[in-house]
Amino acid sequence: MRKKVIAGNWKMNMLPNEAISMITELAPLVKDTENEVVLCVPYTDLFYSLLTAQGTNIKIGAQNMHYEEKGAYTGEVSGKMLKSIGVEYVIIGHSERRQYFNETDETVNKKIKTAFENDLKPIVCVGETLEEREAGKAFEIIENQTQKDLDGLTEEQVANTIIAYEPIWAIGTGKTATSKDANEACKKIREKIVETYGQNIAERVIIQYGGSMKPENAKELLSMSDIDGGLIGGASLKAESFAEIVNCK
Ligand code: 13P
């Protein structure tokens, strides 16, 4: 049985004082869950979040990083820097980074490798646009992204990669993929991994769904055979709604 990973992605929201309050409120609400609880917070919240989450079952992640270890890359943060303060997870290749910041499958692939070199757990995002879905290309797009993003990783690295299927048309729009469609897409991703790495490795990969996941739809989505968790934007900003998702059985 794969453990479910419920991760919040705060995106560019929450000041340090808000992060501290939210995590303080969240901790007692999620303390009994068997799921892995992760909050991916802005860089400026990382240290405060790590301190506040100490002694709880809440893990802290970043939302991006550079693939180089150090050097003349003004404004960037390296995997080594994240690791040095105790960060455990990092989102890589979110569609917003692909759309607004020139993230490509090539840079995503490099970043995943750097994440593993620094003992960070990557949450790698893939997903199709509405146009691509309507053209019947959704599976082709996500299979292609999966293949390119994971290229050259060892079996063990692939098994430890978390993949978030996030259809772009469902992000922040209130539109959720049906549980059947979401599960089918997650299954396709797993099948793609089977092709290169075999069934045993693919069975270990955690595949999340993301896109307008909220307390009202989380239970059904999370009960599907190939959906092993969620990557949650809007509903992760409030302790109560995020806890409801974490605790739904
Ligand atoms: P929403 O939950 O706000 O739709 O965002 C999803 C997302 O992009 C998580 O990474």
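The structure we're discussing is the one just above.
Rules used in this analysis
- Residues numbered from 1 in each chain as written.
- Predicted model: local features only at pLDDT ≥ 70, side-chain atom pairs only at ≥ 80, totals over all residues.
- Heavy atoms only, no water.
- Helix = DSSP H or I, 4+ residues; strand = E, 2+ residues; numbered from the N terminus.
- Rg over C-alpha atoms; globule rule 2.2 N^0.38 Å.
- Buried < 20%, exposed > 50% of the residue type's maximum accessible area, 1.4 Å probe, protein only.
- Contact = heavy atoms within 4.5 Å.
- Areas by Shrake-Rupley, 256 points an atom, 1.4 Å probe, with all protein chains shown as cover.
- Lys, Arg positive; Asp, Glu negative; His and termini not counted.
- Charge placed at Lys NZ, Arg CZ, Asp CG, Glu CD.
- Near = heavy atom within 4 Å.
- Polar contact = N/O pair within 3.5 Å; in protein donor to acceptor, adjacent residues only side chain to side chain.
- Nonpolar A, V, L, I, M, F, W, Y, C, P; charged D, E, K, R; others polar.
- Core = buried A, V, L, I, M, F, W, Y, C linked by side-chain atoms within 4.5 Å.
- Pairing = 2+ DSSP bridges.
- Right-handed = clockwise from strand over helix to strand, strands pointing away.

## Some points on the overall build of the protein
Part 1 of the reasoning: Assigned secondary structure in the protein consists of 12 helices and eight strands.
Part 2 of the reasoning: For a compact globule of 249 residues, the expected C-alpha radius of gyration is about 18 Å, and the protein comes in at 17 Å, within 12% of that figure.
Part 3 of the reasoning: Dimensions of the protein, computed from the C-alpha atoms along their principal axes, are close to 45 × 45 × 35 Å.
Part 4 of the reasoning: By residue count, 52% of the 249 residues in the protein fall in the buried class.
Part 5 of the reasoning: Taking all contacts inside the protein whose residues are at least 6 apart in sequence as the whole, residues at least 24 apart take part in 72%.
Part 6 of the reasoning: Working note: accessible area of the protein is about 11800 Å², and carbon and sulfur atoms make up 50% of it.
Part 7 of the reasoning: Each charge class in the protein was averaged separately, 29 positive and 38 negative side chains, and the resulting centres sit 2 Å apart.

## Focus on the site of the ligand
Part 1 of the reasoning: Around the ligand, the surrounding shell holds 13 residues, and the nearest of these are Lys-11, His-94, Glu-166, Gly-172 and Ser-212.
Part 2 of the reasoning: Here an oxygen atom of the ligand sits 2.9 Å away from a polar atom, N or O, in the main chain of Gly-233.
Part 3 of the reasoning: Alone, the ligand offers 310 Å² of accessible surface; in the complex the protein occludes 95% of this.
Part 4 of the reasoning: Within the shell around the ligand, the residues separate by chemical class into four nonpolar, seven polar and two charged.

## Considering the nonpolar core
Part 1 of the reasoning: Residues Leu-39 and Ile-58 are the most contacted members of the largest nonpolar core, which totals 64 residues.
Part 2 of the reasoning: When near neighbours in sequence (up to four residues on either side) are disregarded, Ile-58 contacts Ile-23, Leu-26, Ala-27, Val-30, Val-37, Leu-39 and Ala-53.

## Thoughts on unusual backbone geometry
Part 1 of the reasoning: Not every positive phi belongs to a glycine, and Asn-102 is a case in point at roughly 60°.
Part 2 of the reasoning: As for its placement among the helices and strands, Asn-102 is situated in the loop between helix 4 (95-100) and helix 5 (105-117).
Part 3 of the reasoning: Phi angles above zero are rare outside glycine, and Ser-212 is one such case at about 55°.
Part 4 of the reasoning: Examined against the element boundaries, Ser-212 turns out to sit in the loop between strand 7 (206-210) and helix 11 (215-222).
Part 5 of the reasoning: For Ser-212, a relative accessible area of 16% corresponds to the buried category.

## Describing the pairing of strand 4 (residues 89-92)
Part 1 of the reasoning: Neither face of strand 4 is open: one carries Tyr-89 and Ile-91, the other Val-90 and Ile-92, and all of them are buried.
Part 2 of the reasoning: Examined bridge by bridge, strand 3 (residues 58-62) and strand 4 share two bridges and lie parallel to one another. Across the sheet, the residue bridging to Ala-62 is Val-90, located in strand 4.
Part 3 of the reasoning: One crossover worth recording links strand 3 to the parallel strand 4 by way of helix 3 (residues 79-85), and it is right-handed.
Part 4 of the reasoning: Taken together, the four bridges between strand 4 and strand 5 (residues 121-126) define a ladder with parallel strand orientation. Note that in strand 5 the partner of Tyr-89 across the bridge is Lys-121.

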